[in-house]
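Examination of the molecular architecture
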Amino acid sequence: IARHQNPDGSWSLHAFHQTPGCQGKCGGAGGTQSDMAATALALLPMLGAGQTHQAGDYTKEVEAGLYWLTRQQQANGDLRGRDSGRSMYAHGLASIVLCEAFGMTGDASLREPAPKAIRFIAAAQHSAGGWRYEPGQPGDTSVVGWQLMALRSGQMAYLNVPQRVFARADHYLNDAQADSYGGRYGYMPGSGPSVTMTAEAMLCRQYMGWPKDHPGLLSGTQYLLENPPDPNNPNV
């Protein structure tokens, strides 16, 4: 990951193979341009491994990445980025990074950017409880999951997350249920269940307090066990 960092501290989905550390040795560059999402996705495993801008073997890389993220943030907390991949996906990912980094280090330089990112998520929520690509759009379960993960990271960093945001999100998940137990979920309310959306929604339910013996979690877990990922079809 460190070898594919851009000189300005960011990472790219579409141009990682052009970095000085790679020099064209890698393939598989994506068509979507979202340095915001790529930078967040690069920093998350570093933070997960205990590598921060204050401790570890990659302090310079993490510091440069965090600095790049905070420089891209808009005054209202927006971290969607400025390129063609601009979306609430990117904002959710970047928000998780800022909250995790702040929670791990307590660094005063993140004391303002992290809560601003959380407030932007709260303001972007649709009245029916969901989130989608743009603020205020009716939700889909895929985007909802990333926003709730960011909100949960904010809570773990002792940031203020309004309870009403979780209450509305719970309402969205109820609408996205495709069964009576809460063990099947669709991409959007009214759509049929899918394995991926069920996995994401059940994680969200756990974040919001469902115990491990909740009938929905038990039913959903069985559904996932009966429909494991297909190693021959990475798109499923």
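Scope of this entry: the structure provided in the associated data block. (Residues numbered from 1 in each chain as written. Predicted model: local features only at pLDDT ≥ 70, side-chain atom pairs only at ≥ 80, totals over all residues. Heavy atoms only, no water.)

On to the packing of aromatic side chains. All chains considered together, the criterion is met by one aromatic pair. For the pair Tyr 89 and Tyr 133, a centre-to-centre distance of 6.1 Å together with 45° between the ring planes defines the contact as tilted. Of this pair, Tyr 89 sits in helix 3 (residues 88-105) while Tyr 133 is found in the loop between helix 4 (113-124) and helix 5 (141-156), placing the two residues 44 residues apart along the sequence. (Phe/Tyr/Trp six-rings, centres within 6.5 Å; stacked < 30°, edge-to-face > 60°. Helix = DSSP H or I, 4+ residues; strand = E, 2+ residues; numbered from the N terminus.)

Right, let's talk about the side chain of Gln 72 for a bit. By the element assignment, Gln 72 lies in helix 2 (residues 59-72). In this structure Gln 72 comes out as buried when scored by relative accessible area, which is 16%. Residues contacting Gln 72, with those up to four places away along its chain left out, are Met 36, Asp 78 and Arg 82. (Buried < 20%, exposed > 50% of the residue type's maximum accessible area, 1.4 Å probe, protein only. Contact = heavy atoms within 4.5 Å.)

As a further point, take the packing of helix 7 (residues 195-207) against helix 8 (residues 215-226). Their axes nearest at 10 Å, the elements helix 7 and helix 8 cross at an angle of 150°. Classified by the angle between their axes, helix 7 and helix 8 sit roughly antiparallel to one another. With respect to the hand of their crossing, helix 7 and helix 8 are arranged in left-handed fashion. The residues of helix 8 that touch helix 7, namely those facing Val 195, Thr 198, Ala 199, Met 202 and Gln 206, are Gly 216, Leu 217, Gly 220, Thr 221, Tyr 223 and Leu 224. (Axes fitted to C-alpha atoms, helices over the stretch in contact; angles between N-to-C directions. Parallel < 35°, antiparallel > 145°, perpendicular 65-115°, else oblique. Left-handed = near helix turned anticlockwise from the far one by under 90°.)

Applying the stated rule across the entire model yields six salt bridges. With a shortest N-O distance of 2.7 Å, Arg 80 and Asp 78 are connected by a salt bridge. Exposure class is identical for Arg 80 and Asp 78. Each is buried. For the salt bridge of Glu 112 with Lys 116, the shortest nitrogen-to-oxygen distance reads 3.9 Å. Several salt bridges converge on common partners, so that one network encompasses Asp 78, Arg 80, Arg 86 and Glu 134. (Salt bridge = Lys/Arg side-chain N within 4 Å of Asp/Glu carboxyl O.)

Where helix 3 contacts helix 5, the axes come no closer than 8 Å and their chain directions differ by 15°. With respect to helix 5, the element helix 3 is oriented roughly parallel. Of the two elements, helix 3 crosses helix 5, and the hand of that crossing is left-handed. Contacts from Met 88, Tyr 89, His 91, Gly 92, Leu 93, Ser 95, Ile 96, Cys 99 and Glu 100 of helix 3 reach helix 5 at Ser 142, Val 143, Trp 146, Gln 147, Met 149, Ala 150, Ser 153 and Gly 154. When the residues that make up the contact of helix 3 with helix 5 are grouped by side-chain class, the tally is nine nonpolar, seven polar and one charged. (Nonpolar A, V, L, I, M, F, W, Y, C, P; charged D, E, K, R; others polar.)

Next up on the list: unusual backbone geometry. The phi dihedral of Gln 23 is positive, around 55°, even though this residue is not glycine. Its location among the elements puts Gln 23 in the segment before helix 1 (35-48). Classification of Gln 23 as exposed rests on a relative accessible area of 61%. Positive phi is not limited to glycine here, since Tyr 158 has a value of about 65°. Positionally, Tyr 158 belongs in the loop between helix 5 and helix 6 (163-176). For Tyr 158, a relative accessible area of 78% translates into the label exposed.

Taking 1.5 Å per residue as the helical rise, helix 8 with its 12 residues ought to reach 16 Å, and the 17 Å between its terminal C-alpha atoms agrees with that figure. Those residues of helix 8 lying buried are Gly 216, Leu 217, Gly 220 and Tyr 223. Mapping the buried residues of helix 8 onto a view down its axis gives an arc of 125°, with all of them on the same face. In this structure, helix 8 carries Leu 225 and Glu 226 as exposed residues pointing more than 90 degrees from its buried face. For helix 8, the elements touching its buried residues are helix 7. (Expected span 1.5 Å × (residues − 1). Arc of directions from axis to C-beta.)

This part takes up the environment of Arg 184. Here Arg 184 lies in the loop between helix 6 and helix 7. Excluding residues within four positions of it along the chain, Arg 184 makes contact with Ala 176, Gln 177, Ala 178, Asp 179, Pro 193, Thr 198, Ser 219, Gly 220 and Tyr 223.

Keep in mind these numbers describe shape, not what the thing actually does.
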